[in-house]
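Okay, here's what each chain looks like letter by letter:
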Amino acid sequence: MSKVKTTLKRFSYLRDYKVLEGAKINEHTFDYLMIGSFGILSICYFDKKGELYGNEHDENFVIVDKKTNRIKTENLIKKAKKDVEILRKAISEAKLYNVKIDSVIVVDDKKCQPLFSASDVSVVKLSLLSRFLNQEKYDIDNKADTEKMASLLSK
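Computed from a predicted model, the values in this text were never measured in an experiment.

To continue, consider the packing of aromatic side chains. Per the counting criterion, the structure on display carries five aromatic pairs. For the ring pair Tyr17 and Phe38, a centre distance of 5.2 Å and an interplane angle of 55° mean the geometry is tilted. A residue pair is termed long-range when its members are at least 10 positions apart, and Tyr17 in the loop between α1 (3-13) and β1 (18-21) and Phe38 in the loop between β4 (32-36) and β5 (39-46) qualify at 21 residues. Overall, the relative accessible area of 8% leaves Tyr17 in the buried class. Members of the aromatic cluster, connected to one another through ring pairs, are Phe11, Tyr17, Phe38, Phe132 and Tyr138. Across from the ring centre of Phe11, 3.7 Å away, lies the NZ or CZ of Arg15, which sits over that ring.

As structure tokens, then:
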């Protein structure tokens with residue numbers, strides 16, 4: 001089990017939240033989803049080695065390894081925004097209301113050095129993920145229906 005999933009499970013256990021890995025909606029795959037009474041948190045996970053460069057307007061991000069090889073990789077900011085967009089569409093089609101949707105990019109800090117920032121998507125190193133989850137917004141009860149959301153997203 002990955003460290004991301006372990007951290008999410010540990011956080012969600014006492015709160016009775018659901019954690020999904022590799023959930024799919026119409027050919028789009030989510031890395032991780034945490035579903036609870038606060039709403040939905042989508043996690044984009046990146047664990048390749050090197051320095052990661054890019055910005056939200058780039059088609060791709062570039063990762064530079066120790067041998068200074070430049071490798072194109074998916075734009076994580078666009079992926080995180082696409083995750084939210086697809087979740088909003090699926091939730092609205094299911095007529096579920098009062099659902100807050102948030103997205104975060106988690107980078108494995110032992111392998112990768114993120115050298116980018118995003119204005120509306122949080123970027124968190126894996127070692128700081130549990131601290132990030134301890135924000136008040138993930139403990140607030142927004143009365144979102146956890147079971148309906150989990151069944152919709154785990155199909």
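Anyway, onward from the coordinates.
Moving on, we come to a positive patch on the surface. A cluster of basic side chains, namely Lys3, Lys49, Lys66, Lys110 and Lys111, defines a positive patch on the protein surface. Take Lys111: it is sitting in the loop between β9 (100-107) and β10 (112-115). With relative accessibility at 36%, the residue Lys111 sits in the partly exposed group.

Tallying each qualifying case throughout the model produces eight salt bridges. Between Glu21 and Lys5 there is a salt bridge; the shortest N-O distance is 3.3 Å. One end of the pair, Glu21, is in strand β1; the other, Lys5, is in helix α1, and 16 residues separate them in sequence. By relative accessible area, which is 45% here, Glu21 ends up partly exposed. With a shortest N-O distance of 3.9 Å, Lys79 and Asp31 are connected by a salt bridge. You can see Lys79 sitting in helix α2 (residues 76-93) and its partner Asp31 sitting in the loop between β3 (28-29) and β4, a full 48 residues away along the chain. Judged by its relative accessible area of 9%, Lys79 is buried.

Criteria and cut-off values
Residues numbered from 1 in each chain as written. Predicted model: local features only at pLDDT ≥ 70, side-chain atom pairs only at ≥ 80, totals over all residues. Heavy atoms only, no water. Phe/Tyr/Trp six-rings, centres within 6.5 Å; stacked < 30°, edge-to-face > 60°. Helix = DSSP H or I, 4+ residues; strand = E, 2+ residues; numbered from the N terminus. Buried < 20%, exposed > 50% of the residue type's maximum accessible area, 1.4 Å probe, protein only. Lys NZ or Arg CZ within 6 Å of the ring centre and 35° of its normal. Patch = residues over 30% accessible without salt bridge, like charges linked within 9 Å, V, L, I, M, F, W, Y side chains within 5 Å. Areas by Shrake-Rupley, 256 points an atom, 1.4 Å probe, with all protein chains shown as cover. Salt bridge = Lys/Arg side-chain N within 4 Å of Asp/Glu carboxyl O. Lys, Arg positive; Asp, Glu negative; His and termini not counted. Charge placed at Lys NZ, Arg CZ, Asp CG, Glu CD.

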